[in-house]
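# Structural characterization, general
Single-letter residue listing:
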Amino acid sequence: MNPNPRQNDLLQEVRARGSVSVETLAEKFGVTLQTVRRDVQRLAEAGLVARFHGGVRVPASTTENIAYRQRQAMQADGKARIARAIAARIPAGSSLILNLGTTTEAVAHALLSHQGLRVITNNLNVATILSDNPDCELVMVGGTVRHRDRGVVGEAAVDFIRQFKVDIGLIGISGIEADGSLRDFDYREVMVARTIVEHSRQVWVAADATKFNRPAMAEVARLPQIDALFTDEAPPEPFPALVADAGVELVVAR
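Along each chain, residues carry numbers from 1 onward, in the same order as the chain's sequence is written. Only residues with pLDDT of at least 70 are given local features in this predicted model, and only at 80 or more are side-chain atom pairs given and counted; all residues enter the totals for whole chains, interfaces and linings. To obtain the side-chain values, all non-hydrogen atoms of the structure were included, while hydrogens and water were left out.

### Some remarks on the packing of aromatic side chains
Planes of paired rings set the category: under 30 degrees apart is stacked, over 60 is edge-to-face and the rest tilted, where pairs are Phe, Tyr or Trp rings (Trp by its six-membered ring) whose centres lie within 6.5 Å. Scanning the model with the defined rule gives three aromatic pairs in all. Seen from their ring centres, Trp 204 and Phe 230 are 5.3 Å apart, and the 45 degrees between their planes marks the pair as tilted. Here Trp 204, found in strand β12 (residues 200-206), pairs with Phe 230, found in strand β14 (residues 228-231); they are 26 residues apart in sequence, far enough to count as distant. The exposure classification of Trp 204 matches that of Phe 230, with both residues buried. Between Phe 212 and Phe 239, the ring centres sit 5.0 Å apart and the planes meet at 55 degrees, which makes this aromatic pair tilted. In this pair, Phe 212 sits in the loop between β12 and β13 (218-222) while Phe 239 sits in helix α10 (residues 239-245), placing the two residues 27 residues apart along the sequence. For Phe 239, a relative accessible area of 0% gives the class buried. Only runs of H or I of at least four residues qualify as helices and only runs of E of at least two qualify as strands under DSSP, and these elements are numbered from the N terminus. When accessible area is computed with a 1.4 Å probe and restricted to protein chains, residues below 20% of their type maximum are described as buried, those above 50% as exposed, and intermediate ones as partly exposed.

What follows is the structure, given as structure tokens:
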């Protein structure tokens, strides 16, 4: 397609933000929600953007994630709400594993006032954040550092995590597909996340609304393997039924 000037501006806005709600686009460009939805539909049909429930994002790839700095800015308010909801559910004196992702980093910020925590992480950013909490015992996973986001991955990381059994394993993921699979891009990261699932008494997943119906190449787990799913918006169909059938607690952080 050849986008008109408004559609081109809308496209540039989505690319700059990574993801954005329909309401925000309508307000920014001074048009109705219906106009934005029509523009988004045309851009999506041309493969220039991808739609999700209530908004639009850059097109998804099954093999490569969005750049880390862009992910930091995406859904920042929603991630902060998710983080607060998770932190409110974590008792003092708990043992946790936090894996990679900008949402788990938001959770680390929300845990800075918690007492008596023992946190294991393969995320150097999480470790840096939680090192400011003097009442948190922090254990850093060893392995290969992935430079683009300071994640620690690989066989050494897997072997290290196998030493532990924690109260809560908190994982961020890149996509939840309609077949009930939780997915990510880097197979080395996926192997670490699978190990966290296996070595946690409860498994909690933090996923903002853009993750529903987002494809990624490698399967981390399936819904029946997790205990709670924290998100920032009510998920679109068919996910409410999938989550309920799997016996997963759905927490929508309003």
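### A closer look at the nonpolar core
In this description, a nonpolar core means a group of buried Ala, Val, Leu, Ile, Met, Phe, Trp, Tyr and Cys residues linked to one another through side-chain atoms lying within 4.5 Å. Membership of the largest hydrophobic core comes to 32 residues, with the highest contact counts inside it found for Ile 171, Ile 173, Ile 176, Val 205, Ile 226 and Leu 229. Secondary-structure elements contributing two or more residues to this core are α8 (155-161), β9 (166-172), α9 (187-198), β12, β13 and α10. Ranked by the residues each element gives to this core, the list is headed by α9, at five residues. Within the second largest apolar cluster, 26 residues are counted, among which are Ile 90, Leu 96, Leu 117 and Ala 253.

### Considerations on the pattern of salt bridges
Salt bridges are counted wherever a side-chain nitrogen of Lys or Arg sits within 4 Å of a carboxyl oxygen of Asp or Glu. Under the definition given, this model contains 16 salt bridges. Here Lys 28 ties to Glu 13 by a salt bridge, and the two come within 3.9 Å at their closest N and O atoms. Of this pair, Lys 28 sits in helix α2 (residues 22-29) while Glu 13 sits in helix α1 (residues 5-17), and the two are 15 residues apart along the sequence. Among the residues examined, Glu 13 registers a relative accessible area of 14% and is labelled buried. The residue Asp 186 makes a salt bridge to Arg 146 at a minimum N-O spacing of 2.9 Å. Residue Asp 186 is found in the loop between β11 (181-184) and α9, and its partner Arg 146 is found in strand β7 (residues 144-146); the two are separated by 40 residues along the sequence.

### Section: the pairing of β12
With five of its seven residues buried, β12 lies for the most part within the structure. Where β9 lies against β12, six bridges are found, and the strand directions are parallel. Bridge pairing in β12 places Leu 170 opposite Trp 204. Two strands are said to pair when DSSP picks up at least two bridges between them.

### Quick notes on the packing of α1 against α2
Contact pair α1 / α2: the axes reach a minimum separation of 11 Å and the direction vectors enclose 130 degrees. Classed by the angle they form, the pair α1 and α2 counts as oblique. Taken as a pair, α1 and α2 cross one another with a handedness that is right-handed. Residues Asp 9, Leu 10, Glu 13 and Arg 17 of α1 lie in contact with α2, whose contacting residues are Thr 24, Leu 25, Lys 28 and Phe 29. Fitting a line to C-alpha atoms yields each axis, with helices limited to the stretch in contact; the angle taken between N-to-C directions then spans 0 to 180 degrees. Orientation categories follow fixed angle ranges, with anything under 35 degrees roughly parallel, anything over 145 roughly antiparallel, 65 to 115 roughly perpendicular, and all other angles oblique. Put simply, a crossing is left-handed when the front helix is turned counterclockwise from the back one by less than a right angle, and right-handed when it is turned clockwise. Throughout, a contact is declared for two residues whenever any of their heavy atoms are within 4.5 Å.

### Focus on the side chain of His 199
Its location among the elements puts His 199 in the loop between α9 and β12. A residue is classified by how much of its surface remains accessible, and His 199, at 17% relative accessible area, is buried.

### Topic: the domain arrangement of the protein chain
Domains assigned within the protein chain are domain 1 (5-58) and domain 2 (70-252). Each of domain 1 and domain 2 was reduced to a C-alpha centroid, and the two centroids are 29 Å apart. If you look at the interface, domain 1 gives nine residues, while domain 2 gives 10 residues. Between domain 1 and domain 2 the total buried area reaches about 700 Å² when both faces are included, carbon and sulfur atoms providing 52% of it. Joining domain 1 to domain 2, the criterion identifies zero salt bridges. N or O atoms closer than or at 3.5 Å make up a polar contact, with two conditions inside protein: a donor-capable atom paired with an acceptor-capable one, and, for residues adjacent in sequence, both atoms drawn from side chains. In this assembly, domain 1 and domain 2 are joined by one residue pair in polar contact (both at pLDDT 80 or more). The dominant element in the side of domain 1 that touches domain 2, judged by the number of residues it contributes, is α1, at three residues. Each residue gets one of three labels, nonpolar for Ala, Val, Leu, Ile, Met, Phe, Trp, Tyr, Cys and Pro, charged for Asp, Glu, Lys and Arg, and polar for the others, Gly among them. Taken together, the residues of the side of domain 1 that touches domain 2 sort by class into three nonpolar, three polar and three charged. Each domain's limits were defined by an automated method or a database of domain assignments. Two parts placed together each lose some accessible area under a 1.4 Å probe, and the buried area is that loss summed for both.

### So, the sheet that holds β11
Pairing is antiparallel across the open sheet formed by three strands, whose spatial order is β10-β11-β13. Every other strand in the sheet has two partners, leaving β10 (175-176) and β13 as the edge strands with one partner each. Both β11 and β13 contribute to a ladder of four bridges, which runs antiparallel. Across the sheet, residue Asp 184 finds its bridge partner in β13, namely Ala 218. Sitting on the sheet, α9 touches β11 and β13, and the angle it makes with β13 is about 15 degrees.

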